[in-house]
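Residues per chain are reported as follows:
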Amino acid sequence: MEFSPQLVALASTAVYAAGNLYARIGLVHSTPLVVTLISLIVQTAVTWAILLARGGVPVIDWRALIIFIAVGAVLPVVRLLSYIGIARIGSARSSSLRSTHPFFSAALAISFLGEPAKHNIMLGTLLIVAGIFFTCWEPRQRSADAKPTDVLYPLAAAFMSGLIHPATRFALTVANQPIAYAAIVGLVSLLCLTGYFLVTGQARRVAWPSRSALIPFVTASLLETMGFLLFSAAVSL
C-alpha cells in the first residue's frame, strides 16, 4: 500500500502537536531537561525494538551514516529548546514558532541544494514570517512570568531543525532506511545527553519525576517517537 508523503507529513505534525500538549501537562510538575531525557530513552527503546524485529541493522552508506550521527548529536539540543519554549510560553505559541522550520529549510534548500525558488515556496515563506509576527504579538495576554526573549527558544529549535531537514533528505536519498535513521539518531542523542550529564555533573540535579509528570512525559515521548518515525517516512517517500 502506498501513502501520500503529504498525508504522512501531516500525520507527523498532528502527532507532534498532541505530544506537545502532554509535555506541557508534565512540565507543570517537572523540568524540560527531564522530559528531554525521557523522550530520548523512549525513542531509542521503541525504534531499536522495531529495527531488530525487522531483521536488524541494515548496511548503510557511510555518507548517510555520518549525517545520521550528526543529527543525533544535535537532536538533544533541539528537543531541550523546544521543551523550554513550551514551559516558558505555552504549547500553542511555542509549537507555532517551532513549526517555522520550513522557512529555514526552504532557504537552505534553495541556497545549497539548488532547489528552484518557486512562487508557492516563496509565498509560503512570506506567510511563515507573517505567522511568526502574529504569534509573538500578544502584549496583553502574555504571562507575567514570560519574557519577550522566551520566543527565541522555539525559534532556535526551528532554525536547527531547518538545518537538519535538508541533511535528512539527502541522507535518506543515499540510504533509504527511515527506521534505521530514527534508531541511530535516538541512540546517538541519548549517548550525547548522557555524556553531557557525566561531564557537567547535571545528573545529580535531575530528579526523577513524580507520577503527575511521568505519565504525561512517557505519553508525550511515545507521540514524539511516532511523529519522528512519520517524519522520517515522509522524507523517505
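Just so we're clear, the structure is a prediction, and the values are computed from it rather than from any experiment. (Residues numbered from 1 in each chain as written. Predicted model: local features only at pLDDT ≥ 70, side-chain atom pairs only at ≥ 80, totals over all residues. Heavy atoms only, no water.)

Topic: the confidence of the model for the protein
- Per-residue confidence for the protein gives a mean pLDDT of 83; residues scoring 70 or more make up 89%.
- Predicted confidence in the protein is weakest over helix α5 (residues 101-112), with a mean pLDDT of 70, and strongest over helix α2 (residues 32-53), with 94. (pLDDT = per-residue confidence, 0-100. Helix = DSSP H or I, 4+ residues; strand = E, 2+ residues; numbered from the N terminus.)

Structural notes on the nonpolar core
- Ranked by internal contacts, the top residues of the largest apolar core, which has 30 residues, are I60, F68 and Y181.
- Among the secondary structure elements, those contributing two or more residues to this core are α2, α3 (62-89), α7 (152-174), α8 (178-200) and α9 (211-236).
- Tallying contributions element by element places α8 first for this core, with 10 residues.
- When residues no more than four places from it in sequence are discounted, the contact partners of F68 are I60, A171, L172, A175, Q177, Y181, I184 and V185. (Core = buried A, V, L, I, M, F, W, Y, C linked by side-chain atoms within 4.5 Å. Buried < 20%, exposed > 50% of the residue type's maximum accessible area, 1.4 Å probe, protein only. Contact = heavy atoms within 4.5 Å.)

Focus on helix α1 (residues 5-27)
- Its 23 residues give α1 an end-to-end C-alpha distance of 32 Å, which sits within 8% of 33 Å, the value for a rise of 1.5 Å per residue.
- The set of residues buried in α1 consists of V8, S12, V15, G19, N20, A23, G26 and L27.
- Buried residues along α1 sit in contact with α2, α3, α4 (91-98) and α9. (Expected span 1.5 Å × (residues − 1).)

With respect to the environment of L52
- Take L52: it is sitting in helix α2.
- Relative accessible area serves as the criterion here: at 55%, L52 is assigned to the exposed category.
- The spatial distance from the C-alpha of L52 to the C-alpha of A183 is 10.0 Å, given a sequence separation of 131 residues.

Here's the deal with the side chain of R79
- Residue position: R79 is located in helix α3.
- Separated by 3.0 Å, the side chains of R79 and E224 make a polar contact.
- In this structure, R79 is in contact with T36, S39, L40, Q43, E224 and F228, ignoring residues within four places of it in sequence. (Polar contact = N/O pair within 3.5 Å; in protein donor to acceptor, adjacent residues only side chain to side chain.)

Quick look at the side chain of H165
- When you line up the elements, H165 lands in helix α7.
- Overall, H165 belongs to the buried group, its relative accessible area being 19%.
- Not counting the four nearest positions on each side in its chain, H165 is found in contact with H101, S105 and F231.

Remarks on the packing of α1 against α3
- Viewed as axis vectors pointing N to C, α1 and α3 meet at an angle of 65°, and their least axial separation amounts to 10 Å. Helix-helix and strand crossings are classified by hand; for α1 and α3 the assignment is right-handed. Between α1 and α3, the residues in contact are N20, A23, R24 and L27 and Y83, I86 and A87, respectively.
- Residue classes in the contact of α1 with α3 are distributed as five nonpolar, one polar and one charged. (Axes fitted to C-alpha atoms, helices over the stretch in contact; angles between N-to-C directions. Left-handed = near helix turned anticlockwise from the far one by under 90°. Nonpolar A, V, L, I, M, F, W, Y, C, P; charged D, E, K, R; others polar.)

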